[in-house]
Amino acid sequence: MELSILTNQTMELFNVDKIEQLSQQILNSVLSNDVGKYEGFKSLVQDLSIDWLQRIYQYHLADRKEKMQDYTPKSLAQLMGALALRKGETKIVDMCAGSGALTIQTWNLNHETEFECLEFDENVLPLLLFNLAVRNIKATVKHMDVLQNDVMAIYQVTPREEYSEVRRIDNNN
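Parameters and conventions
- Residue indices follow the written sequence of each chain, beginning from 1 at its first position.
- Local features in this predicted model are restricted to residues of pLDDT 70 or higher, and side-chain atom pairs are both shown and tallied only at a pLDDT of 80 or more, whereas totals for entire chains, interfaces and linings draw on every residue.
- The basis for every side-chain value is the complete set of heavy atoms in the structure, and neither hydrogens nor water enter the calculation.
- Runs of E in the DSSP output that reach at least two residues are strands. Runs of H or I that reach at least four are helices, and both are numbered from the N terminus.
- Type-normalised accessible area, obtained with a 1.4 Å probe on protein chains alone, sets the label of each residue: buried when under 20%, exposed when over 50%, and partly exposed for intermediate values.
- Any two residues whose heavy atoms approach within 4.5 Å are treated as being in contact.
- Any carboxyl oxygen of Asp or Glu within 4 Å of a side-chain nitrogen of Lys or Arg constitutes a salt bridge here.
- All axes are obtained by fitting lines to C-alpha atoms, using only the stretch in contact for helices, and the reported angles, taken between N-to-C directions, cover 0 to 180 degrees.
- For classification, angles of less than 35 degrees are called roughly parallel, those exceeding 145 degrees roughly antiparallel, those between 65 and 115 degrees roughly perpendicular, and all remaining angles oblique.
- Two helices crossing with the near one rotated counterclockwise from the far one by less than a right angle form a left-handed crossing, whereas a clockwise rotation gives a right-handed crossing.
- Here the nonpolar group is Ala, Val, Leu, Ile, Met, Phe, Trp, Tyr, Cys and Pro; Asp, Glu, Lys and Arg are the charged ones; every other residue, Gly included, is treated as polar.

Colleague: With reference to specific residues and values, describe unusual backbone geometry.
Modeller: A positive phi angle, close to 55°, is found at Asn15, a residue other than glycine. Among the structural elements, Asn15 can be located in the loop between helix H1 (3-13) and helix H2 (22-31). Its identity as a non-glycine residue notwithstanding, Cys96 has a phi of 55°, on the positive side. Within the secondary structure, Cys96 is located in the loop between strand S1 (91-95) and helix H6 (101-109). Accessibility expressed as a relative area gives 57% for Cys96, which makes it exposed.

Here you go:
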């Protein structure tokens, strides 16, 4: 799918006029477990083996100058996922998870894998949560600075019949 079409249709799905509003609207949808948004997105992209939101974020919203943000190519994510699963791992830690490229490619290989995703950027975090929920992936997501081990928020992503439920949990639990 062409990026401009994907971007416009995704913005329309989330009822935003400006691309800068997308992350917040996605977060609102995720935290309210808006199944309609999951179904709308799934219908739009059809193939959930691809991180479509990464494409939008990388082109429109990534901070490449100050934060040096760049994203894992699909081929590298597939290789890393295959290597991790080859060792028989059932739980994968994805540090600097971004929108979830490594997690998605590992999940493509084994839907039973559980993930712990760590991400610092509060703007990409909603895309990560959405990507996990729309694929019904089991995960714990920590909004954190991995270098300082400073956790700002923790989210539990729990699989249900079709889409995971996302809830923010207390850092002390």
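Colleague: Describe the environment of Ser29, and please don't skip the residues or the numbers.
Modeller: When you line up the elements, Ser29 lands in helix H2. Remark: the alpha-carbon pair of Ser29 and Met152, spanning 123 residues in sequence, is separated by 20 Å. Those residues within four positions of Ser29 in sequence are excluded, and the remaining contacts are Phe14, Asp34, Lys37 and Tyr38.

Colleague: Describe the pattern of salt bridges, with residues and values.
Modeller: Counting across every chain of the model gives four salt bridges. In this structure, the salt-bridge partner of Lys42 is Glu162, at a minimum N-O distance of 3.2 Å. Note that Lys42 is positioned in helix H3 (residues 35-45) and Glu162 in the loop between strand S4 (150-158) and strand S5 (165-169), a separation of 120 residues in sequence. A relative accessible area of 30% places Lys42 in the partly exposed class.

Colleague: Tell me about the packing of H1 against H3, residues and numbers included.
Modeller: It is at 10 Å that the axes of H1 and H3 come closest, and there the two elements cross at 160°. The orientation of H1 with respect to H3, classified from their angle, is roughly antiparallel. Handedness of the crossing formed by H1 with H3: right-handed. Contact residues: H1 offers Leu6, Gln9, Thr10 and Leu13, while H3 offers Lys37, Gly40, Phe41, Leu44 and Val45. Among the residues making up the contact of H1 with H3, the classes are represented as five nonpolar, three polar and one charged.

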